[in-house]
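Residues per chain, in single letters:
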Amino acid sequence: APWRLMMSLTPSRGCLLDLPWEDILVPHILCHLPLQQLLSLQRVSKSFQSLIQLYLANMRCFDSSQIGPAIPRAAFVNLLKDNEVLQQLALQNCSDWLTDRELLPVIGQNHHLHQIQLKGCAQLSRHALVAISLSCPNLRRLSLAHCEWVDSLSLRSLADHCKVLEAVDLTACRQLKDEAICYLVQKCSKLKSLSLAVNANVGDVAVEEIAKCCPELEHLDLTGCLRVKNDSIRVLAEYCPKLRSLKVKHCHNVAESSLSILRSRGVELDVEPPLQRALVLLQDVVGFAPFINLQI
């Protein structure tokens, strides 16, 4: 039991709770225990309850997955009601019930957030993204994957106020078109990682603007962006010397003629060269890899 672990840490003189809470217990002991166990400690005594409340108010990182596969709405509200120092917030396990009503107070009182994970939180609205942009000027990493409520106006607000963004995941944000993506990258030129996967509205115009505005870009995910063609991939190769990985699977208008430029630079691609793909298909058909002199 977690309280037995805590009791085992009791010094030979006095009680564990006699140690300085803010200087010793919170930063050097409680931080090493799983959040789920810390919540159980609240049932040991009123003193432990007060100690855990102090810990929760001083947490720098909150990840809902540490509590379990699902966290009750009331528990979430109670856990973060006094915290004003969060730096990282991950709420992917709250997607079944998380709305603006629960999220906005947390965002509004935490201005030091630099990483937010809202993947799959489908019940939020554009007001959540506007609140993030207004409250979190130092935001560096943001995941909005599968949040179809993200629209061009809320993304413009993010771009206007969070100019130090380094990683943004907009996978399956299907309301977004080229114009919105162009505005984002024009304002956030420090982007190193960007995902626009599963968005049929994204095309060459957005990709070329990404290339020209984001020289620090290292990772770009265009999976399933059906309107992307060879020309924009060539521009990407020309303007992004630091590119390390590119995903273009299911981009049927992107061919090896443009990808070969990146492949020759060692950029990691999620599609194989045509000859290698043919060999794999042949192996699947005949059951073995043919002996072919690849130097011919």
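This text follows the structure it describes.
Residues numbered from 1 in each chain as written. Predicted model: local features only at pLDDT ≥ 70, side-chain atom pairs only at ≥ 80, totals over all residues. Heavy atoms only, no water.

A. Main features of the overall build of the protein chain. Each helix and strand in the protein chain was counted, giving 13 helices and nine strands. Residues classed as buried in the protein chain amount to 44% of the 296 residues present. The long-range fraction of contacts in the protein chain, counting pairs at least 24 apart against all pairs at least 6 apart in sequence, stands at 71%. (Helix = DSSP H or I, 4+ residues; strand = E, 2+ residues; numbered from the N terminus. Buried < 20%, exposed > 50% of the residue type's maximum accessible area, 1.4 Å probe, protein only. Contact = heavy atoms within 4.5 Å.)

B. Fine view of the packing of aromatic side chains. Applying the stated criterion to the full structure yields two aromatic pairs. Ring-pair connections join several aromatic residues into one group, and the members of that group are Phe62, Phe76 and Trp97. Arg156 extends its terminal NZ or CZ atom over the ring of Tyr183, reaching a point 3.8 Å from the ring centre. (Phe/Tyr/Trp six-rings, centres within 6.5 Å; stacked < 30°, edge-to-face > 60°. Lys NZ or Arg CZ within 6 Å of the ring centre and 35° of its normal.)

C. Just the nonpolar core, in detail. In this structure, Phe62, Leu170, Leu222 and Leu246 are the most contacted members of the largest nonpolar core, which totals 93 residues. Contacts of Phe62, omitting those with residues within four sequence positions, involve Leu35, Ile67, Ile71, Phe76, Leu79, Leu80, Leu86, Gln88, Leu89, Ala90 and Leu91. (Core = buried A, V, L, I, M, F, W, Y, C linked by side-chain atoms within 4.5 Å.)

D. Just the side chain of Ser245, in detail. With respect to the helices and strands, the residue Ser245 is situated in strand E8 (residues 245–247). Judged by relative accessible area, Ser245 falls into the buried class, the value being 14%. A distance of 2.6 Å separates polar atoms of two side chains, one belonging to Ser245 and the other to His219. Not counting residues up to four positions away in its chain, the partners in contact with Ser245 are Glu218, His219, Leu220, Val267 and Glu268. (Polar contact = N/O pair within 3.5 Å; in protein donor to acceptor, adjacent residues only side chain to side chain.)

E. Focus on the pattern of salt bridges. Throughout the structure, instances matching the rule amount to nine salt bridges. A salt bridge links Arg73 to Glu102; its shortest N-O distance comes to 2.9 Å. On the criterion of sequence distance, the pair formed by Arg73 in helix H5 (residues 73–80) and Glu102 in helix H6 (residues 100–108) is long-range, its members being 29 residues apart. Overall, the relative accessible area of 8% leaves Glu102 in the buried class. (Salt bridge = Lys/Arg side-chain N within 4 Å of Asp/Glu carboxyl O.)

F. Up close: H6. Within H6 the residues assigned to the buried category are Asp100, Glu102, Leu103, Val106 and Ile107. Within H6, the buried residues cover an arc of 160° as seen down the axis, which keeps them to one side. Those residues of H6 that are buried are in contact with H5, strand E2 (88–90), strand E3 (115–117) and helix H7 (126–135). (Arc of directions from axis to C-beta.)

G. A look at the environment of Gln53. Counting through the fold element by element, Gln53 comes out in helix H4 (residues 46–57). Taking the C-alpha atoms as reference points, Gln53 and Asn83, 30 residues apart in sequence, are found 9.6 Å from one another.

H. The packing of H7 against helix H8 (residues 152–161), seen in detail. At a closest axis distance of 8 Å, the pairing of H7 and H8 adopts a crossing angle of 5°. By the angle between their directions, the pair H7 and H8 is classed as roughly parallel. Judged by residue contacts, Arg126, Leu129, Val130, Ser133 and Leu134 of H7 engage Leu153, Ser154, Leu155, Ser157, Leu158 and His161 from H8. Within the contact of H7 with H8, the residues separate by chemical class into six nonpolar, four polar and one charged. (Axes fitted to C-alpha atoms, helices over the stretch in contact; angles between N-to-C directions. Parallel < 35°, antiparallel > 145°, perpendicular 65-115°, else oblique. Nonpolar A, V, L, I, M, F, W, Y, C, P; charged D, E, K, R; others polar.)

I. Fine view of H5. Turning to H5, its buried residues number three or more, namely Phe76, Leu79 and Leu80. The buried residues of H5 occupy one face: seen down the axis, they fall within an arc of 75°. Residues of H5 that are buried in the fold lie against helix H3 (35–41), H4, strand E1 (61–63), E2 and H6.

J. The sheet that holds E1, seen in detail. Reading across from one edge, E1-E2-E3-E4-E5-E6-E7-E8-E9 is the order of the nine strands in this open sheet, with parallel pairing throughout. The two strands at the open ends of the sheet, each matched to only one other strand, are E1 and strand E9 (268–269). In this structure, E1 lies alongside E2, joined through three bridges in parallel fashion. Among the inter-strand pairings, Asp63 is bridged to a residue of E2, identified as Ala90. (Pairing = 2+ DSSP bridges.)

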